Amino acid sequence: MKRIRHLEIHLVHGCNLCCESCSHYSNQGHKGILSLAEAEFSMKLWNQRLNPHTFSLLGGEPSIHPDLPGFVALARRHWPTAHLRLVTNGFFLHRHPTLPTVLQRDPNACIYLSIHHDAPQYKEKLQPILALLRSWISDYGIRVETYLSFKNWTRGYQGSGSGMEPYNDGLPRQSWERCHAKYCPQLFEGKIWKCAPLAYLKLQDAKYRLSGSWKPYLQYQPLASDCSDEQLVDFFHREEELSCGMCPANPVKFKLPLPLNSLNPGIIKIS
Ligand code: SF4
Ligand code: SF4
């Protein structure tokens, strides 16, 4: 068993919000969800080899998934001692009335509410989410952490859609050192990927037919479950790779535009 700090799984590719330069490309109209059977298949391939301190369920927005509570239980069965984090913007938590019961039974699991703007329109939409979470905390004793993710926001790529371009600064070591995602490997399609921007790049390419500048990055090879123990250890000890050249060597903080999508403004009603 290789002890690692973190492993993540995408339950949903799309999102109700549209944060510019989302590192999962979930702001760019992707669709599709992972079934419980697909997730179980992937988890079974690795749960006897990897022992993550933290296992995160995320997306896209995981609360869009109709089987969300089932994923918490599934992850717990496969990694009994991991700290489970459900990373969500919270907009559809009200669709999952059984979720607090599942979390109540699991003291090492928490909802990690990620907050994406401080504009009054956003704060207004956040109020019913916070009220719901407060009621779950008081009625079920569940754990909730909040994170102001819009602070320290940087771009991981330039542009979006078919106009998206990598940075190609030629300083992959520096890009890796300054990367927020460097310890966030992804479990995707039964393989382990270094980070979300590499794992889901092929979805971007399939949807937008990216320019040739992405070709070297699209050739990235994830770790397959038939790897040797040496290959597995080597994978997790690797720091910068040539692929890190797609990310900025000098990421610049910027004010995230309000991520409420005009087509899907994340309107919620919690009664
Ligand atoms: S909330 Fe924003 S950062 Fe998170 S998955 Fe959705 S678009 Fe990406
Ligand atoms: S490719 Fe490297 S620098 Fe870019 S997100 Fe992944 S780990 Fe970070």
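First, a word on what this report is: a plain description of the structure on this page. The shown structure was predicted, so the numbers you read here are calculated from the model rather than taken from an experiment.

**Notes on the site of ligand 1**
Then comes step 1: Around ligand 1, the surrounding shell consists of Cys15, Leu17, Cys19, Cys22, Ser26, Gly60, Asn89, His116 and Trp153.
Then comes step 2: The residue makeup of the shell around ligand 1, split by class, is five nonpolar, four polar and no charged.

**Details of the site of ligand 2**
Then comes step 1: Taken together, the residues surrounding ligand 2 are Ser175, Trp176, Cys179, Lys194, Cys195, Pro197, Leu198, Ser243, Cys244 and Cys247.
Then comes step 2: Those elements that provide at least two residues to the shell around ligand 2 are α5 (172–177) and α6 (196–199).
Then comes step 3: Of the residues contributing to the shell around ligand 2, the split by class is seven nonpolar, two polar and one charged.

**Description of the pattern of salt bridges**
Then comes step 1: In this structure the tally under the stated criterion is twelve salt bridges.
Then comes step 2: Of the charged contacts in the structure, one is a salt bridge between Glu189 and Lys202, with a shortest N-O distance of 2.6 Å. Separated by 13 residues along the polypeptide, Glu189 in the loop between β6 (186–188) and β7 (191–193) and Lys202 in helix α7 (residues 201–208) bring together distant segments of the chain.
Then comes step 3: Lys202 gets classed as partly exposed once you look at its relative accessible area, which sits at 36%.

**Overview of the side chain of Arg85**
Then comes step 1: Here Arg85 lies in strand β3 (residues 83–88).
Then comes step 2: Although Arg85 lies buried, it forms no salt bridge, and the closest oppositely charged side chain, Glu8, sits 4.7 Å away as judged by the N-O distance.
Then comes step 3: When residues no more than four places from it in sequence are discounted, the contact partners of Arg85 are His6, Thr54, Phe55, Ser56, Leu57, Cys110 and Tyr112.

**Describing the packing of aromatic side chains**
Then comes step 1: For the coordinates displayed, the defined rule picks out ten aromatic pairs.
Then comes step 2: Aromatic pair Trp214 and Tyr217: ring centres 6.1 Å apart, planes at 70 degrees, arrangement edge-to-face.
Then comes step 3: Among the aromatic side chains, those forming a connected cluster through ring pairs are Phe188, Trp193, Tyr200 and Tyr220.
Then comes step 4: Directly above the aromatic system of Tyr112 lies the positively charged group of Arg85, at a separation of 4.2 Å from the ring centroid.
Then comes step 5: Taking the ring centre of Trp176 as reference, the NZ or CZ of Lys182 above it sits at 5.2 Å.

Cut-offs used in this document
Residues numbered from 1 in each chain as written. Chains lettered and ligands numbered in written order. Predicted model: local features only at pLDDT ≥ 70, side-chain atom pairs only at ≥ 80, totals over all residues. Heavy atoms only, no water. Near = heavy atom within 4 Å. Nonpolar A, V, L, I, M, F, W, Y, C, P; charged D, E, K, R; others polar. Helix = DSSP H or I, 4+ residues; strand = E, 2+ residues; numbered from the N terminus. Salt bridge = Lys/Arg side-chain N within 4 Å of Asp/Glu carboxyl O. Buried < 20%, exposed > 50% of the residue type's maximum accessible area, 1.4 Å probe, protein only. Lys, Arg positive; Asp, Glu negative; His and termini not counted. Contact = heavy atoms within 4.5 Å. Phe/Tyr/Trp six-rings, centres within 6.5 Å; stacked < 30°, edge-to-face > 60°. Lys NZ or Arg CZ within 6 Å of the ring centre and 35° of its normal.

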